Amino acid sequence: MKTIVSGIQPTGSLNIGTYLGSIKNFVKLQKIYSDYHFYLFIADLHALTTPMDAKKLRQKIKELAALYLACGLERENLSLFVQSELPAHSQMGYLLQCHAYMGELERMTQYKDKAQKQTDGIRSSLFTYPALMAADILLYDAEYVPVGDDQKQHLELTRTLAERINHRYGDVFKVPKPLIPKVASRIMSLTDPTKKMSKSDENVKSRINLLDDENIIRKRIKSAVTDSDQTVRYDREEKPGLSNLFDIRIAITDESVKEIEDAYEGKGYKEFKEDLGDIVVEELLPIQKRYRELIDSGELDKILDEGKKRAEQVANKKVEKLNRILGLGRKRK
Ligand code: AMP
Ligand code: TRP
């Protein structure tokens, strides 16, 4: 069966950037690729690449799992699991590190950005992280990997590693393709539209978190930085702030730019923002309701256990296969 794989790190506050750029896309893909199996995981090992409080991490893992499901994922063709619960990810990560070159990892822009921000030393895992991410994907022979624009380079490296290993040892891995959404691949910060909306931004006004209450959501949109011209028109260069709000709206409603521009002819930003507030609130409230039902239910653990069981079978086989090919361990009869 063909597979689609993706993961999200349980760090920071899950916001509409991640939601529109990744989770919502995932929900849509489940409808389009209904005959595929979806492996979706909480990338908790990746969370250790920068300092992280243990208690908080535990809490975030569960929160993220519940939020994923609350966003409307179909459970039938889905294995949802926690990455660290499958040792195969770490094992494969190491084997791929043995096939990745320093120069390749040094070129990763996310590493360069994140390394700069570390005040207590740069963890070596931050550097080797793309090998672990490649493992996450290649373990399941993913056909497609839905991610936001910022992960494109990691995906390219994943493809390079898969091709390198296939070339050396014969067909071991499927070479995956990224699926980057056309809209919302890069939702920008509400306070600085030249920066990506990020879950780790210190300025809480820069984003809308999925669990923010209604008043906060409206307030954040109202105070979003826009230009001083008042014509509602999409223009990434001249009006990056407003265009970002367009992107958010389009990712939710599927309207075209023209439809929106026509609808606001002769009207100003105030109305546009008020309407967007309604749209975002309407999108997020049902998610929040389902989240609250799930978070402390036994159902969540059951889903994660089942997801783990199914993923484990596939992942362990792949690790064993590569171990054998590389000559690790002893020969078994
Ligand atoms: P992260 O939250 O950084 O672990 O990212 C999880 C997924 O969401 C990845 O596929 C990212 O590319 C995507 N993502 C994160 N932030 C944004 C954003 N501001 N706009 C669009 N996609 C995003
Ligand atoms: N690195 C991704 C991020 O920071 C999360 C991630 C880890 C991932 N492993 C993955 C995404 C495998 C897709 C596939 O957003």
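In short, a report on the structure. By convention here, each chain's residues receive numbers from 1 onward along its written sequence. As they are written, the chains are lettered A onward and the ligands numbered 1 onward, keeping that order. Local features in this predicted model are restricted to residues of pLDDT 70 or higher, and side-chain atom pairs are both shown and tallied only at a pLDDT of 80 or more, whereas totals for entire chains, interfaces and linings draw on every residue. Hydrogens and waters are ignored; side-chain quantities use all the structure's heavy atoms.

## So, the sheet that holds strand E5 (residues 177-179)
Stage number 1. Between any two strands, pairing holds if DSSP finds at least two bridges. In this text, helices come from DSSP runs of H or I with a minimum length of four residues, and strands from runs of E with a minimum of two, each type numbered from the N-terminal end. Reading across the sheet, the 5 strands line up as E3-E2-E1-E4-E5 and stay open at both edges, with parallel pairing between neighbours. Edge strands, defined here as strands with exactly one partner in the open sheet, are strand E3 (78-82) and E5. Geometrically, the sheet is characterised by an average inter-axis angle of 25° between neighbouring strands, direction not taken into account.
Stage number 2. Where strand E1 (residues 3-8) and strand E2 (residues 37-42) come together, 6 bridges link them in parallel fashion. The residue bridging Ile-4 from the neighbouring strand is Phe-38, located in E2.
Stage number 3. Its contacts with the sheet put helix H3 (residues 54-70) on E1, E2 and E3, and the angle it makes with E2 is roughly 150°. Where helices are involved, their axes are fitted lines through C-alpha atoms of the stretch in contact, as for all axes, and angles between N-to-C directions lie from 0 to 180°. We call two residues in contact when some of their heavy atoms are within 4.5 Å.

## Overview of the nonpolar core
Stage number 1. Buried residues of nine kinds, namely Ala, Val, Leu, Ile, Met, Phe, Trp, Tyr and Cys, make up a nonpolar core once their side-chain atoms join them within 4.5 Å. Only protein chains enter the accessibility calculation, which uses a 1.4 Å probe. A residue is then buried if its area is under 20% of the maximum for its type, exposed if over 50%, and partly exposed in between. Formed by 65 residues in total, the largest nonpolar core has its most connected members in Leu-20, Tyr-68, Ile-248 and Leu-284.
Stage number 2. With 11 residues, the single largest contributor to this core is helix H12 (residues 269-295).
Stage number 3. Both domain 1 (3-180 + 298-326) and domain 2 (204-292) contribute no fewer than three residues apiece to this core.
Stage number 4. Leu-20 has contacts with Asn-25, Ala-184, Ile-187, Ile-248, Ala-251 and Ile-252, leaving out every residue within four places of it along the chain.
Stage number 5. By size, the runner-up hydrophobic cluster in this structure holds 37 residues, among which are Tyr-39, Met-92, Ala-311 and Leu-322. Each domain's limits were defined by an automated method or a database of domain assignments.

## Observations regarding the packing of helix H9 (residues 214-222) against H12
Stage number 1. Between H9 and H12, the shortest axis-to-axis distance is 9 Å and the interhelical angle comes to 145°. Relative to H12, H9 is oriented so that their crossing is right-handed. For the pair formed by H9 and H12, the contact residues are Glu-214, Ile-217, Arg-218, Ile-221 and Lys-222 on the first element and Lys-273, Leu-276, Gly-277, Asp-278, Val-280, Val-281, Leu-284, Leu-285 and Gln-288 on the second.
Stage number 2. Across the contact of H9 with H12, the residue classes break down as 7 nonpolar, 2 polar and 5 charged. By convention the crossing between two helices is left-handed if the near helix lies anticlockwise of the far one by an angle smaller than a right angle, and right-handed if it lies clockwise. When residue character is reported, Ala, Val, Leu, Ile, Met, Phe, Trp, Tyr, Cys and Pro are called nonpolar, Asp, Glu, Lys and Arg charged, and the others, Gly included, polar.

## Notes on the site of ligand 2
Stage number 1. Near residues are defined by distance, with any heavy atom within 4 Å of the molecule or strand qualifying the residue. Lining the immediate environment of ligand 2, one finds 13 residues, of which Gln-9, Tyr-129, Met-133, Asp-136 and Gln-151 sit closest.
Stage number 2. Here a polar contact is recorded for every N or O atom pair within 3.5 Å, except that within protein the pair must consist of a potential hydrogen donor and a potential acceptor, and residues adjacent in sequence are included only if both atoms are side-chain atoms. Residue Gln-9 places a side-chain N or O atom 3.3 Å away from an oxygen atom belonging to ligand 2.
Stage number 3. Asp-136 places a polar side-chain atom, nitrogen or oxygen, 2.7 Å from a nitrogen atom of ligand 2.
Stage number 4. Reported accessibility uses the Shrake-Rupley method at a 1.4 Å probe radius. Residues are deemed covered only where the shown protein chains occlude them. When the free accessible area of ligand 2 is taken as 370 Å², the share hidden by the protein chains comes to 90%.
Stage number 5. For the shell around ligand 2, the secondary-structure elements that each account for two or more residues are E1 and helix H7 (124-138).
Stage number 6. For the shell around ligand 2, the element with the most residues is H7, which contributes 4 residues.
Stage number 7. Residues that form the shell around ligand 2 fall into these classes: 7 nonpolar, 5 polar and 1 charged.

## Section: the site of ligand 1
Stage number 1. Among the 17 residues in the neighbourhood of ligand 1, the closest are listed as Gly-148, Asp-150, Ile-187, Met-197 and Lys-199.
Stage number 2. Note that a nitrogen atom of ligand 1 is positioned 3.4 Å from one of the backbone N or O atoms of Gly-17.
Stage number 3. Side-chain polar atom of Asp-150 to an oxygen atom of ligand 1: 2.3 Å apart, as the coordinates give it.
Stage number 4. Isolated, ligand 1 exposes 480 Å² of accessible area, and the fraction of that covered by the protein chains is 92%.

## Re the packing of aromatic side chains
Aromatic ring pairs: the centre-centre distance and the angle between the two ring planes describe each pair.
Stage number 1. For Phe, Tyr and Trp, where Trp contributes only its six-membered ring, two rings pair if their centres lie within 6.5 Å, and the inter-plane angle classes them as stacked under 30 degrees, edge-to-face over 60, or tilted in between. Taken as a whole and judged by the stated rule, the model has 11 aromatic pairs.
Stage number 2. Their ring planes at 20° and their centres at 6.2 Å tell us that Tyr-36 and Tyr-144 sit as a pair that is stacked. In this pair, Tyr-36 sits in the loop between helix H1 (16-32) and E2 while Tyr-144 sits in strand E4 (residues 142-146), placing the two residues 108 residues apart along the sequence. For the pair formed by Tyr-36 and Tyr-144, the shared burial category is buried.

## Concerning the environment of Ala-88
Stage number 1. Mapped onto the secondary structure, Ala-88 falls in helix H4 (residues 87-97).
Stage number 2. A relative accessible area of 1% places Ala-88 in the buried class.
Stage number 3. Expressed as a C-alpha distance, the spacing of Ala-88 and Lys-62, which sit 26 residues apart in the sequence, is 21 Å.
Stage number 4. Leaving out residues up to four positions away in the same chain, Ala-88 has contacts with Leu-139, Ala-315, Asn-316 and Val-319.

All quantities given are derived from atomic positions and should not be read as evidence of function.
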